[in-house]
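Working through the structure, step by step
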Amino acid sequence: MYRIIAAVLAAGACASSLQARTATSSPVLTLAEALDRAGASSPFQDAAAAGIRAAEAQRRVAGLRPNPSIVGEAENVAGTGIYQGLRSSETTLGLALPLELGGKRGARIAVAEAQIGRAGLQSEIVRADLRLRVTQTYNAAAAAQRRMAIAQDQVGIAAEVLRGAHVRVQAGRASPLEEQRADVARIAAEGALERARRSAEAASGNLARLLDMPVGQLDRSWFDAVPSTGAMRPIATSGTLTVAAARADLDTATAQVRLARSQRVPDLTVSASARRLEQTNDVAAVFGISIPLNVFNNGRANMAVAEAQREQSDALRRVAMLDADQDVATALADADNAATTARNATGPALAAATEAARIARIGYREGKFGQLDLLDAERTLLETRTAAIDALAAHHDAQARLERLTAAAPLPKDDQR
């Protein structure tokens with residue numbers, strides 16, 4: 001029986017050694033490397049950069065003045081009497097230039113500049129969202145790899161327990177039911193390993209697709225790092241990306257109100273032409289001015305729309321501030337709760353479960369404990385190790401969400417001096 005227990009310990013040591021050699025032979029991808037890789041090849045950032053270029057191009061368009069027009073007229077042609085043919089024609093050729101009044105050009109530029117600022121914030125939001133996505137995907141893949149490692153250990157333990165039960169049955173020290181029970185545990189462990197391996201492959205595949213590169217071993221030390229004790233602390237959200245984006249939307253809506261107000265002022269169109277008289281072959285100058293009459297559309301409806309949209313943006317800004325405070329408080333509580341669970345599961349609880357399993361193995365070897373006691377202790381140890389992985393994964397996820405929610409918005413250019 002001593003040889004059986006020694007074989008169990010030797011199998012565990014061999015499994016750990018095999019995992020260590022595997023981790024050493026394949027390169028370890030750290031979270032920092034994954035974030036750098038995603039930032040260099042992500043289509044999300046390409047889309048955000050294109051949005052900035054589009055906003056800058058719109059700024060150049062907003063600063064352009066109206067194009068002049070060529071005016072051409074022919075009078076007193078194709079008539080009757082002396083106006084037959086072109087004998088009495090008067091030909092006019094000139095230029096017409098629209099003149100914008102009411103500050104329309106400046107208002108358009110203000111809207112475009114507000115949109116540029118919003119596009120810049122959107123680029124930062126995309127970068128923060130990508131960081132969150134990569135971190136969560138990396139966390140899920142690392143947790144899946146750890147669960148697969150535990151499942152491999154359980155397969156080895158179940159196989160050794162089955163061999164030990166077989167020896168006891170052959171020696172007449174136990175009933176055949178004990179061997180059958182051990183065989184059921186082995187089959188269950190192999191099924192759990194198959195499911196864990198499939199989940200790990202899927203999680204690693206998702207990370208590989210996100211990074212556009214093969215993914216092997218992940219940083220186990222990062223995942224297994226037990227968070228330190230920390231009390232909930234208030235975090236200001238006024239300078240976060242979410243609130244800044246809502247404020248930028250309000251600035252754009254305010255600029256739209258100014259643009260709508262400027263469009264109520266009618267524009268002028270002035271023209272200067274030269275007229276040639278066919279009969280005398282003389283040339284005379286012709287000047288003109290055109291003023292639209294705001295009879296049917298005086299711009300009040302557009303003003304009402306712009307003002308309503310500004311009020312909506314202001315309300316959404318207040319909603320964004322409220323949601324940001326609530327989301328940060330929730331994520332902070334989730335992170336602290338997961339940290340507490342992880343410390344207990346990887347500390348006192350894991351130590352107690354490991355000791356209980358050790359005592360059960362010794363008692364089973366000496367005949368003091370039955371097989372059910374051994375299986376129950378091993379199952380408790382497995383559940384404790386699994387709970388530790390779940391708690392660590394939950395903590396890393398909550399920390400990633402908290403970092404995204406509290407990501408600081410870049411300072412305006414005037415404030416960076």
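Residues numbered from 1 in each chain as written. Predicted model: local features only at pLDDT ≥ 70, side-chain atom pairs only at ≥ 80, totals over all residues. Heavy atoms only, no water.

1. Overview of the nonpolar core
Convention followed: For the purposes of this section, nonpolar cores are sets of buried Ala, Val, Leu, Ile, Met, Phe, Trp, Tyr and Cys residues that join through side-chain atoms within 4.5 Å. Residue exposure (1.4 Å probe, protein chains only): buried if accessible area is under 20% of the type maximum, exposed if over 50%, otherwise partly exposed. Where helices and strands are cited, they refer to DSSP runs of H or I of at least four residues and of E of at least two residues respectively, numbered from the N terminus. Contact criterion: two residues are considered in contact whenever any of their non-hydrogen atoms come within 4.5 Å of each other.
In this structure, L29, V134, Y138, L207, L211, L218 and F223 are the most contacted members of the largest nonpolar core, which totals 34 residues. Listing elements by their share of this core, those giving two or more residues are helix 2 (31-41), helix 4 (104-170), helix 5 (176-211) and helix 10 (371-405). Ranked by residue count, the leading element in this core is helix 4, at 12 residues. In this view, L218 contacts V28, L29, Y138, A141, A142, Q145 and L207; residues no more than four positions away in its chain are not counted.

2. Focus: the confidence of the model for the protein
Put simply, the test is: The predictor rates its confidence in each residue with pLDDT, a number between 0 and 100.
Residue-level pLDDT values for the protein average 84, and 90% of them are 70 or greater. In this model, residues 1-24 is a region of pLDDT below 50 whose contacts with residues beyond four sequence positions or in other chains number 21 contacts.

3. Some thoughts on the pairing of strand 6 (residues 282-290)
For clarity, the cut-off: Here, a strand pair is defined by DSSP locating no fewer than two bridges between the strands.
Two strands pair when backbone bridges link them, and strand 5 (residues 268-277) and strand 6 are joined in this way by nine bridges, in the antiparallel orientation. By the bridge assignment for strand 6, A274 is matched with A285.

4. A few points about the pattern of salt bridges
Inclusion rule: We define a salt bridge as a contact between a side-chain nitrogen of Lys or Arg and a carboxyl oxygen of Asp or Glu at a distance within 4 Å.
Scanning all chains against the criterion turns up 22 salt bridges. Between R186 and E190 there is a salt bridge, with the nearest N and O atoms lying 2.9 Å from each other. Taken together, the residues R186 and E190, both in helix 5 and four residues apart, mark about one turn of the helix. The class for E190 is partly exposed, based on a relative accessible area of 37%. For R401, the salt bridge is made with D397, and the minimal N-O distance between the two is 3.1 Å. With R401 and D397 both in helix 10 and four residues apart, this pair spans about one turn of that helix. For R401, a relative accessible area of 26% corresponds to the partly exposed category. Judged by relative accessible area, D397 falls into the partly exposed class, the value being 24%. Ionic contacts of the salt-bridge type, sharing partners, join the residues E75, E90 and R275 into one network.

5. Some details on the packing of helix 3 (residues 43-62) against helix 4
Filter applied, for reference: As a rule, the C-alpha atoms of each element are fitted with a line to give its axis, helices using only the stretch in contact, and angles between N-to-C directions run from 0 to 180 degrees. For classification purposes, angles smaller than 35 degrees are called roughly parallel, those larger than 145 roughly antiparallel, those between 65 and 115 roughly perpendicular, and all remaining angles oblique.
Interaxial distance between helix 3 and helix 4 falls to 8 Å at its minimum, and their mutual angle equals 175°. For the element pair helix 3 / helix 4, the angle class is roughly antiparallel.

6. Section: the environment of A335
Structurally, A335 is set in helix 8 (residues 300-346). For the pair A335 and R401, spaced 66 residues apart in sequence, the C-alpha to C-alpha distance is 9.2 Å. Residues within four places of A335 in sequence aside, it is in contact with H395, A398 and Q399.

7. Observations concerning the pairing of strand 3 (residues 90-99)
The pairing of strand 2 (residues 69-75) with strand 3 spans seven bridges and is classified as antiparallel. The residue of strand 3 that forms the bridge with E73 is T92. Sheet topology places strand 3 next to strand 5; 10 bridges connect them, and they run antiparallel. Within strand 5, the residue paired with P98 across the bridge is T269.

8. Looking at the packing of helix 4 against helix 5
Convention followed: Less than a right angle of anticlockwise turn of the near helix away from the far helix marks a crossing as left-handed, whereas a clockwise turn marks it as right-handed. Nonpolar residues are Ala, Val, Leu, Ile, Met, Phe, Trp, Tyr, Cys and Pro. Charged residues are Asp, Glu, Lys and Arg, and all others, Gly as well, are polar.
Helix 5 packs onto helix 4 with a crossing angle of 160° between their chain directions and a minimal axis gap of 7 Å. Viewed along their axes, helix 4 and helix 5 adopt a mutual orientation that is roughly antiparallel. As for how helix 4 packs across helix 5, the hand of that crossing is left-handed. Residue composition of the contact of helix 4 with helix 5, by class: 25 nonpolar, eight polar and nine charged.

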